[in-house]
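The lines below spell out each chain.
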Amino acid sequence: MVRGLVIGKFMPVHKGHIALVECACSHCDEVIVSMSYTPHDPIPGDVRFDWVRKSLAHLPKAKSFKVLDDFDDETLPLEDRTKIWSDFIRRTYPVVDVVVSSEEYGEPFAYHLGAKHLLFDSDRKRIPVSATMIRSKPLTYWNFIAEPARYYFVKKICVYGAESTGKSTLTIRLAERFNTSFVPEVAREMLISNDFNVNDIIEIGKAHDKRVEEKTREANRLLFCDTDVITTQIYSKHYLGVVPQILLELEEKTSYALYFLLDVDVPWVADGLRDLGDRREEMMELFRTALTERNIPFVAIRGDFAAREASMVAVVNDVLARY
């Protein structure tokens, strides 16, 4: 039996990593994929290990393991570091015959292990990406991210504001424009009138949170959300006089890369649920204040619906360029 070894942090796992392990599997009878982690990593180890297992599920020769990196010393020269690594590998795994890598550490590491070294795509010509590049600009390098890891890097955009400002229509149009998913205003799927109670508002908050999680898993770079749980809090306070604690907890779960605050400078249209046409400026200020009190930046959107859409598209394009 020829046993190979691939090591890495896989932060995140990407197509270069997958191709590396595929190469190792083509030369070996078994491949140990050793993912190291520390408690201080910017992406938690458990999350990354789940990505690794799912990304390599098509390779029966690959055996994935997660190990705590409490042995490395980055202050040492590479030669000394790879000797420490090799000592750890000997203590942890069966005998390794081949080290497969794309990095300069591969040769000295293999030497200290008494193994051969197989170098794969070290100049990144085949798959021109690195985990560092992805972490810095995940949307730019989206197509290189392993599919199980993509949801983690989706940028959520909230279309936010008082009633009858075009949120629902614009959310759908933006999702279509950028070929991705969207989260509708879940409350409208659950209410037939504004006669609701605290339990109803809690269920709306939970349903919205669940929908965001589900749609994030299928989104393409961006996820457009028609309102958020802050909106649910505002209407809970307005109609019921209270904000249930769970809505505050749900708010902490989701962060948005961008908020669009839609102004009330368009005609108000009744639709059976809307009943605040005579208090639009007051509600607009409530929505604005909710963001400023939380120090959440936002982009104010005004004008007719064509102008709104054009402004929002331009801002989203800037987001795509920045990330």
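The model shown is predicted, which means the values in this text are computed figures rather than measured ones. Numbers given for residues are sequential positions, taken from 1 along each chain in its written order. The predicted nature of this model means local features are confined to residues of pLDDT at least 70 and side-chain atom pairs, given and counted, to a pLDDT of 80 or more, with totals for whole chains, interfaces and linings taken over all residues. Only heavy atoms go into the side-chain values, all of them from the structure, while hydrogens and water stay out.

Visitor: What should I look at first to understand the overall build of the chain in this one?
Guide: Helix numbers and strand numbers start at the N terminus; a helix is a DSSP run of H or I with at least 4 residues, a strand a run of E with at least 2. A count of helical and extended segments in the chain gives 12 helices and 10 strands. For 323 residues, the compact-globule estimate of 2.2 N^0.38 gives 20 Å, and the C-alpha radius of gyration of the chain, at 25 Å, exceeds that figure by more than 25%. C-alpha extents for the chain along the principal axes are approximately 80 × 40 × 35 Å. Taking all 323 residues of the chain together, 49% fall into the buried category. Counting contacts in the chain only where the partners sit at least 6 residues apart, residues at least 24 apart contribute 73% of the total. In this treatment the radius of gyration is a C-alpha quantity, and the globule benchmark scales as 2.2 Å times the residue count to the 0.38 power. The cut-offs for exposure are 20% and 50% of the maximum accessible area for each residue type, with area from a 1.4 Å probe on protein chains only; residues under the lower value are buried, those over the upper are exposed, and the others partly exposed. By definition in these notes, contact holds between two residues if any of their heavy atoms fall within 4.5 Å.

Visitor: Just checking my understanding: could you explain the sheet that holds strand β9 (residues 258-262) for this structure?
Guide: In a beta sheet, neighbouring strands are held together by backbone hydrogen bonds and run either parallel or antiparallel to one another. Pairing between two strands is assigned when DSSP locates at least 2 bridges connecting them. Overall, parallel pairing links the five strands, which are arranged β7-β8-β6-β9-β10 in an open sheet. Either end of the sheet is taken by a strand with one partner, and the two such strands are β7 (181-183) and β10 (299-301). Taken over all neighbouring pairs, the strand axes of this sheet differ in orientation by 25° on average, direction set aside. Pairing of β9 with β10, which is carried by three bridges, proceeds in the parallel orientation. When the bridges of β10 are listed, Leu-261 appears paired with Ala-300. All axes are obtained by fitting lines to C-alpha atoms, using only the stretch in contact for helices, and the reported angles, taken between N-to-C directions, cover 0 to 180 degrees. Those strands touched by helix α6 (residues 167-177) are β6 (155-161), β7, β8 (222-226) and β9, and its axis lies near 165° from that of β8. Packed onto the sheet, helix α12 (residues 305-322) meets β6, β8, β9 and β10 and runs at close to 170° relative to β9.

Visitor: Got a minute to help me understand the pairing of strand β2 (residues 30-37) in this structure?
Guide: In summary, the side chains of a regular strand alternate between the two faces of the sheet. Burial analysis of β2 places seven of its eight residues in the buried class, the great majority of the element. Looking at chain direction, β2 and strand β3 (residues 62-68) are connected through seven bridges and run parallel. From the neighbouring strand, Ser-34 faces β3, where its bridge partner is Phe-65. By convention, a crossover is right-handed whenever its connection, traced from the first strand over the helix to the second and viewed with the strands pointing away, goes clockwise. The parallel pair β2 and β3 is bridged by helix α2 (residues 45-55), and the resulting crossover is right-handed.

Visitor: I tried to follow the environment of Pro-44 on my own but got confused; where do I start?
Guide: Mapped onto the elements of the fold, Pro-44 is located in the loop between β2 and α2. Taking the C-alpha atoms as reference points, Pro-44 and Met-11, 33 residues apart in sequence, are found 9.0 Å from one another.

Visitor: Just checking my understanding: could you explain helix α9 (residues 229-240) for this structure?
Guide: An α-helix turns once per 3.6 residues; consequently, residues spaced three or four apart project the same way. An expected span of 1.5 Å times one less than the residue number is assigned to each helix. Compared with the 16 Å implied by 1.5 Å per residue over 12 residues, the 16 Å span of α9 between its first and last C-alpha is a close match. Those residues of α9 that fall on the buried side of the exposure criterion are Val-229, Ile-230, Thr-231, Thr-232, Gln-233, Ile-234, Tyr-235 and Ser-236. On the buried face of α9, the contacting elements are β6, α8 (198-218), α10 (245-253), β9 and α11 (280-293). Here a polar contact means two N or O atoms within 3.5 Å. Within protein one must be a hydrogen donor candidate and the other an acceptor candidate, and residues neighboring in sequence count only if both atoms are side-chain atoms. For α9, the side-chain oxygen to backbone nitrogen distance between the N-cap and Ile-230 is 3.3 Å, and the N-cap itself is Asp-228.

Visitor: Honestly, the packing of α6 against α12 in this entry has me stumped. Any pointers?
Guide: It is the contact of α6 with α12, at a shortest axis distance of 11 Å, that shows an interaxial angle of 45°. Between α6 and α12, the crossing angle belongs to the class labelled oblique. Note on packing geometry: the crossing formed by α6 with α12 is right-handed. On the side of α6, the interface is formed by Leu-170, Arg-173, Leu-174 and Arg-177, while α12 contributes Phe-305, Arg-308, Glu-309, Met-312 and Val-313. Under the scheme applied here, ten amino acids are nonpolar (Ala, Val, Leu, Ile, Met, Phe, Trp, Tyr, Cys and Pro), four are charged (Asp, Glu, Lys and Arg), and all others, including Gly, are polar. A class-by-class count of the residues in the contact of α6 with α12 yields five nonpolar, no polar and four charged. In this scheme, roughly parallel covers angles under 35 degrees and roughly antiparallel covers those over 145, while 65 to 115 is roughly perpendicular and the rest are oblique. Working rule for handedness: look at the near helix, and if it is turned counterclockwise from the far one by less than a right angle, call the crossing left-handed; if clockwise, right-handed.

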